[in-house]
Amino acid sequence: MQVGEVSLSNGRTYRIERLDTGTRTASAKVDGDTIVIKIPRMLRGEAGGRMFARLKQRIVSALEAHPERFEKHTLTFHDSEELMVGGRHFVVRIEQRDRPYSSAKVDGEEVVVRLPVSVEDSDKEGIVTRLVVRALSREFMPTITGRIDEINRLHFNSEISNVTIRNNTSRWGSYSRKSKKISINFKLLYAPAEVIDYVIVHELSHTRVTSHSARFWRVVEGVIPDYKERRKWLRKNGDFLGKGNRTATVS
Ligand SMILES: [Zn+2]
């Protein structure tokens, strides 16, 4: 339900929506030009109103301070951009040459992208992003599969047929019971190792329990007793992964 509007000093206006939900935690997020504030239904009357006011104030000041962090999260890379991925530092180098096809590779600290001169400026960003994601995924694949194998051997002993790293927007990881494949979101490469481990354990736990039932979370907790902290970190920082939020830590 829309409950108001707020205009920032940069001239942008956001609708404010309040949702009373069955969840236990209150939250606020920006979705396009709407600020969505969720208040647990059990916080009735004034308590709910106070929580709403506090969250609204907090998110509006965050928007004033760092509006770019709330823009719709799509990864893009530009020439000379410095990245901190998988705990390593990289510089993106884009070269346009007289050649028939495009390619990208990791060469030491550089991610070198080569494009034909025929590529139009309007297509460049999309192509560069796909190529950089592909090159970095290839680079970190051994690390990710190694970690999955290690955790699997120590705690699960499940059959995993294949691992992929994908730049998808909606999920941090997935496991297919049918194909026994695990997929990990590319953006997690920007997250601390403990958080990546949590997602790996989460997906491996699905080899035992399909649903997110109490039994499922007991399996997760058996491997990572502090999984709630890591999950919370991901909820809080996940949207900003790959957007220069490099100093965040698990707290
Ligand atoms: Zn799950």
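Attention here is on the structure that accompanies the text. Worth saying up front: this structure is predicted, and the values here are computed from it rather than measured. (Residues numbered from 1 in each chain as written. Predicted model: local features only at pLDDT ≥ 70, side-chain atom pairs only at ≥ 80, totals over all residues. Heavy atoms only, no water.)

Section: the packing of aromatic side chains
Stage number 1. Scanning all chains against the criterion turns up 4 aromatic pairs.
Stage number 2. Ring geometry for F186 versus Y190: centroids 6.2 Å apart, planes at 80°, classification edge-to-face.
Stage number 3. Residue class for F186 comes out buried when judged on its relative accessible area of 0%.
Stage number 4. Residue classification places Y190 among the buried positions, given a relative accessible area of 16%.
Stage number 5. Feature note: the residues F216, W217 and Y227 constitute an aromatic cluster, connected by ring pairs.
Stage number 6. Across the ring face of Y101, the terminal group of R99 is positioned such that the distance to the ring centre comes to 5.1 Å. (Phe/Tyr/Trp six-rings, centres within 6.5 Å; stacked < 30°, edge-to-face > 60°. Buried < 20%, exposed > 50% of the residue type's maximum accessible area, 1.4 Å probe, protein only. Lys NZ or Arg CZ within 6 Å of the ring centre and 35° of its normal.)

Thoughts on the coordination of the zinc ion
Stage number 1. Around the zinc ion, the protein contributes the donor atoms H202 (NE2), H206 (NE2) and H212 (NE2), at 2.0 Å from the metal centre.
Stage number 2. Expressed as a motif, the donor residue spacing for the zinc ion is H-x3-H-x5-H. Here the residue H202 occupies a position in helix α3 (residues 193-205), and H212 occupies one in the loop between α3 and α4 (214-223), the gap between them amounting to 10 residues.
Stage number 3. Residue classification places H202 among the buried positions, given a relative accessible area of 11%. (Donors = N, O, S within 2.8 Å, 3.2 Å for Na, K, Ca; no water. Helix = DSSP H or I, 4+ residues; strand = E, 2+ residues; numbered from the N terminus.)

Structural notes on a positive patch on the surface
Stage number 1. On the surface, a cluster of positive charge is made up of R54, R58, K232 and K236.
Stage number 2. Looking at the positive patch, the elements with two or more residues in it are α1 (45-65) and α5 (227-237).
Stage number 3. Within the fold, K236 resides in helix α5. (Patch = residues over 30% accessible without salt bridge, like charges linked within 9 Å, V, L, I, M, F, W, Y side chains within 5 Å. Areas by Shrake-Rupley, 256 points an atom, 1.4 Å probe, with all protein chains shown as cover. Salt bridge = Lys/Arg side-chain N within 4 Å of Asp/Glu carboxyl O. Lys, Arg positive; Asp, Glu negative; His and termini not counted. Charge placed at Lys NZ, Arg CZ, Asp CG, Glu CD.)

Examining the pairing of strand β10 (residues 173-176)
Stage number 1. The sheet contact formed by β10 and strand β11 (residues 181-185) spans 4 bridges and is antiparallel. In the strand pairing of β11, G173 is matched with I184.
Stage number 2. The hairpin formed by β10 and β11 contains 4 residues between the paired strands, and K180 there has a positive phi angle of roughly 60°. (Pairing = 2+ DSSP bridges.)

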